[in-house]
Amino acid sequence: MSNQIKHDLETERELSSIREMLATLASGEDMRGTLARIVRGACELLEADDGTIGLVDASVKGVRIEAGYRMPEDEIGTVTPFGVGITGQVLQKSSPVIVDRYGDIETRTRTDLDQNAVLGVPIVWEGRTIGVFGLGKAPPGRFTETDARRLLMFAGYAAIVIRHAQLDRQTKNALRELQVLYRTSRSISSAMEIDEVVAAYLDQVAAWGRFSCSLVLYEFDEAGNKEWIVVRGQWSSENGLSLTPWRLRHSVDPLDAVLDSGNEVMISDVFADPRTSEELRSIQRESGRPALAMIPIMVRNRRVGTVVLAHHEAREWERCELEPFRVTANLLASAVESRREHWTAVARGRRLLVIEERQRIARELHDSVSQTLFGVLLLAQSAAEDASGSTRGKLNRLIEVSQRALGDMREIVRELRPETDSSEEHPIDRSSLIDLRNLGLIGALRQACLAAPAAGVEVSFQADDYEDQDGDLEFALLRIGQEAISNSFRHSRGKRIEVDLRVVEGFVELTVQDNGRGFDPSIPGADGFGLTSMRDRAAACGGTLEVVSSPGNGTRIHACLSRTA
């Protein structure tokens with residue numbers, strides 16, 4: 001056969017292979033099936049006995065066999081580590097490699113093919129090697145440079161198929177991620193409790209199903225430093241979703257600085273990475289997951305938590321596969337912070353209600369029970385002065401009991417009264433309006449003055465042209481008046497008290513003035529519970545309370561309450 005005829009036949013075979021490859025590319029078959037047809041076509045054209053196509057997989061640090069021709073079925077899916085066999089030489093040189101005897105390769109993966117000739121070429125896309133195409137020939141077959149050139153042509157077809165499949169997979173993954181992000185966003189936005197937010201986020205992880213995930217939130221001390229690490233939820237393919245929290249005390253970790261700056265941390269193997277602490281290695285040793293990726297949860301430039309992804313094999317993480325977790329971590333940060341603020345506000349409101357109730361009870365004990373006990377004490381002291389014998393002893397005993405009861409009552413009131421802003425309004429206990437209902441405000445104030453003769457004090461009461469007011473307003477006036485009169489009895493040591501009640505335009509004014517020893521209101525602590533209580537009541541009715549006093553010049557209490565408050 002002449003060389004020209006032989007050349008023409010080879011050209012026809014090559015053209016036939018090209019036509020077949022074009023038909024293969026247009027067949028719509030999946031990647032693995034299409035690559036298998038390309039391998040077969042190359043083997044037929046180059047008269048090879050077998051062949052494979054492997055894809056570079058950085059996550060396993062090797063080349064994974066994706067398709068083959070006349071190869072054992074269990075060969076598909078196996079991984080040849082970087083640097084091993086004909087594949088390693090092709091990747092190292094990034095060019096075709098021809099070996100006449102496979103056994104001459106020291107790092108070969110099989111010894112049963114030592115006598116075969118092998119040819120390997122890189123599969124390249126946009127300047128990057130994405131795979132390796134290899135063929136083998138039994139003796140006495142050999143490969144030539146022409147074979148290498150032709151196999152590069154087939155490698156070009158394979159690159160198109162591989163890249164098309166990658167783009168198709170990326171598109172489908174992007175669509176899937178978008179759907180999951182949408183569902184996650186809706187679930188998180190509708191969740192009220194933090195546990196519900198955590199569950200919504202971890203449901204997204206379950207949708208991917210590739211990595212286990214732990215969601216960590218931090219508790220801070222008063223200085224704003226991390227004090228506790230709280231694992232609020234976990235998901236893994238083995239155990240599913242768990243929302244049982246567990247805590248451990250925070251300790252400074254070499255990775256904190258990177259995460260606090262808002263950057264992710266990707267660790268292919270915690271046992272080989274010098275940045276990882278022994279504590280972290282111990283945790284991952286127990287879980288059996290050496291690969292970690294950490295995504296910070298940031299709120300107003302402060303890390304409030306971390307999303308921790310883990311894998312059961314050492315692997316190189318790709319930033320693109322973390323993008324869905326990064327995006328949803330931002331959603332998570334916003335949701336967690338808003339829920340925390342909501343429940344903090346709820347808790348603060350509950351505390352305020354408790355404080356207000358304690359204040360109300362303290363005020364009523366002080367203004368009613370204490371006043372009654374003091375009246376009993378004054379009457380007992382007055383009666384004891386005129387009594388004799390056993391009656392005097394019993395009255396003295398009553399005086400002692402009354403004094404002790406007053407002391408106990410003051411201590412109870414002090415404990416009930418928390419340190420709060422005195423401008424806060426307080427609810428009124430309407431069950432304390434009995435005196436007002438039975439006697440009216442004027443009669444109830446006169447009742448408060450009944451102990452005056454026993455105490456040796458003269459009381460004058462003036463309420464000309466007074467008109468009945470709103471019940472809440474009159475209750476406040478009664479309590480202010482009772483407290484002011486009681487304070488004069490107990491503390492002023494004066495002999496005269498003047499009480500004046502009047503209506504002046506849009507206000508009701510109550511004045512209680514004594515001629516006792518007085519005090520300096522500017523001294524810290526001079527305002528006891530009684531004066532504070534009176535100010536609170538006046539403020540609650542849109543009014544003011546004025547205290548005018550000085551040592552030796554008596555005390556004047558003036559309350560001015562709005563009739564329209």
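Keep in mind that what you see is a predicted model, and the values were worked out from it rather than measured. (Residues numbered from 1 in each chain as written. Predicted model: local features only at pLDDT ≥ 70, side-chain atom pairs only at ≥ 80, totals over all residues. Heavy atoms only, no water.)

### Details of the overall build of the protein chain
Argument step 1. Secondary structure summary: the protein chain contains 12 helices and 18 strands in total.
Argument step 2. Within the protein chain, buried positions represent 44% of all 565 residues.
Argument step 3. Carbon and sulfur atoms form 50% of the exposed surface of the protein chain, whose accessible area is close to 29400 Å². (Helix = DSSP H or I, 4+ residues; strand = E, 2+ residues; numbered from the N terminus. Buried < 20%, exposed > 50% of the residue type's maximum accessible area, 1.4 Å probe, protein only. Areas by Shrake-Rupley, 256 points an atom, 1.4 Å probe, with all protein chains shown as cover.)

### Quick look at the nonpolar core
Across soluble globular proteins, you tend to see nonpolar side chains buried next to one another.
Argument step 1. Membership of the largest hydrophobic core comes to 39 residues, with the highest contact counts inside it found for Leu 477, Ile 480, Leu 501, Leu 545 and Leu 561.
Argument step 2. Counting residues per element, this core draws most heavily on helix 11 (residues 471-492), at 8 residues.
Argument step 3. Look past the residues within four positions of Leu 561 in its chain and what remains in contact with it is Leu 473, Ala 476, Leu 477, Ile 480, Gly 506, Phe 507, Val 508, Ala 538, Cys 541, Gly 543 and Thr 544.
Argument step 4. Judged by nonpolar contacts, the second largest core, of 31 residues, contains Leu 35, Leu 151, Phe 154 and Ala 155. (Core = buried A, V, L, I, M, F, W, Y, C linked by side-chain atoms within 4.5 Å. Contact = heavy atoms within 4.5 Å.)

### Details of the pairing of strand 15 (residues 496-504)
Argument step 1. With 5 bridges joining them, strand 14 (residues 458-462) and strand 15 adopt parallel strand pairing. Directly across from Val 459, in strand 15, lies its bridge partner Ile 497.
Argument step 2. With respect to chirality, the unit in which strand 14 leads through helix 11 into the neighbouring parallel strand 15 is left-handed.
Argument step 3. Pairing of strand 15 with strand 16 (residues 507-514) involves 8 bridges; the strand directions are antiparallel. If you follow Val 499 over to strand 16, its bridge partner there is Val 512.
Argument step 4. The hairpin formed by strand 15 and strand 16 contains 2 residues between the paired strands, and Glu 505 there has a positive phi angle of roughly 50 degrees. (Pairing = 2+ DSSP bridges. Right-handed = clockwise from strand over helix to strand, strands pointing away.)

### A closer look at the confidence of the model for the protein chain
One rule of thumb: low pLDDT means the predicted coordinates there are not for detailed reading.
Argument step 1. Mean pLDDT for the protein chain: 80, with 77% of residues reaching 70 or above.
Argument step 2. Confidence, read as mean pLDDT per element, is least for helix 1 (residues 3-25) in the protein chain (55) and greatest for strand 4 (residues 97-99) (96).
Argument step 3. For residues 4-9, every residue scores under 50 in pLDDT, and the model assigns this stretch 2 contacts once sequence neighbours within four places are set aside.
Argument step 4. pLDDT under 50 marks residues 419-433. Its contacts with residues more than four places away, or in other chains, come to 27 contacts. (pLDDT = per-residue confidence, 0-100.)

### Comments concerning the pairing of strand 12 (residues 291-299)
Argument step 1. The buried fraction of strand 12 is high, at 8 of 9 residues.
Argument step 2. Here strand 11 (residues 265-267) pairs with strand 12 via 3 bridges, running antiparallel. Considered in strand 12, the bridge of Met 266 is made with Ala 293.
Argument step 3. Examined bridge by bridge, strand 12 and strand 13 (residues 302-311) share 9 bridges and lie antiparallel to one another. Residue pairing in the sheet places Pro 296 in a bridge with Thr 306 of strand 13.
Argument step 4. In sequence, strand 12 turns back onto strand 13 through a hairpin of 2 residues, with Arg 300 there showing a positive phi of about 50 degrees.

### Remarks on the packing of aromatic side chains
Argument step 1. Throughout the structure, instances matching the rule amount to 2 aromatic pairs.
Argument step 2. Seen from their ring centres, Phe 154 and Tyr 157 are 6.2 Å apart, and the 85 degrees between their planes marks the pair as edge-to-face. One end of the pair is Phe 154 and the other is Tyr 157, both in helix 4 (residues 145-190) and 3 residues apart, which spans about a single turn.
Argument step 3. By relative accessible area, Tyr 157 is classed as buried at 12%.
Argument step 4. Relative to Trp 317, the ring of Phe 211 lies with its centre 5.0 Å away and its plane at 50 degrees, an arrangement referred to as tilted. Separated by 106 residues along the polypeptide, Phe 211 in the loop between helix 5 (194-208) and strand 7 (212-220) and Trp 317 in the loop between strand 13 and helix 8 (319-386) bring together distant segments of the chain. Here the two residues Phe 211 and Trp 317 agree in accessibility, since each one is buried.
Argument step 5. In this structure, Arg 247 is placed above the aromatic ring of Trp 228, and the distance from its NZ or CZ to the ring centre is 4.4 Å. (Phe/Tyr/Trp six-rings, centres within 6.5 Å; stacked < 30°, edge-to-face > 60°. Lys NZ or Arg CZ within 6 Å of the ring centre and 35° of its normal.)

### Points about the sheet that holds strand 3 (residues 79-81)
Argument step 1. Here we have 6 strands laid out as an open sheet, ordered 3-2-1-6-5-4, and antiparallel in their pairing. Edge positions in the sheet fall to strand 3 and strand 4, since each has one partner strand and no second. Strand after strand, the sheet turns through a mean of 25 degrees between neighbouring axes, direction not considered.
Argument step 2. Sheet topology places strand 1 (residues 50-57) next to strand 2 (residues 62-69); 7 bridges connect them, and they run antiparallel. If you follow Gly 54 over to strand 2, its bridge partner there is Ile 65.
Argument step 3. Across the sheet, helix 2 (residues 31-46) touches strand 1, strand 2 and strand 6 (128-137), and the angle it forms with strand 2 is around 70 degrees.
Argument step 4. Packed onto the sheet, helix 3 (residues 85-93) meets strand 1, strand 2, strand 3, strand 4, strand 5 (117-125) and strand 6 and runs at close to 145 degrees relative to strand 4. (Axes fitted to C-alpha atoms, helices over the stretch in contact; angles between N-to-C directions.)

### Structural notes on helix 3
Argument step 1. Restricting attention to buried positions, one finds in helix 3 the residues Gly 85, Ile 86, Thr 87, Gly 88 and Val 90.
Argument step 2. Considering only its buried residues, helix 3 is in contact with strand 2, strand 3, strand 4, strand 5 and strand 6.
Argument step 3. In the segment just after helix 3, Ser 94 is the residue with positive phi, at about 55 degrees.

### Overview of the side chain of His 311
Argument step 1. On the secondary structure map, His 311 appears in strand 13.
Argument step 2. Only 3.2 Å separates the side chain of His 311 from the backbone nitrogen of Glu 313, close enough to count as a polar contact.
Argument step 3. Dropping the residues within four chain positions of it, His 311 is found in contact with Arg 210, Phe 211, Arg 289, Pro 290 and Ala 291. (Polar contact = N/O pair within 3.5 Å; in protein donor to acceptor, adjacent residues only side chain to side chain.)

### Some remarks on the sheet that holds strand 14
Argument step 1. Strand order across the open sheet formed by 5 strands is 14-15-16-18-17, with mixed pairing between neighbours. The sheet is open, and its two edges are formed by strand 14 and strand 17 (544-549), each paired on a single side. Ignoring strand direction, the axes of neighbouring strands in this sheet form an average angle of 10 degrees.
Argument step 2. The pairing of strand 17 with strand 18 (residues 555-562) spans 6 bridges and is antiparallel.

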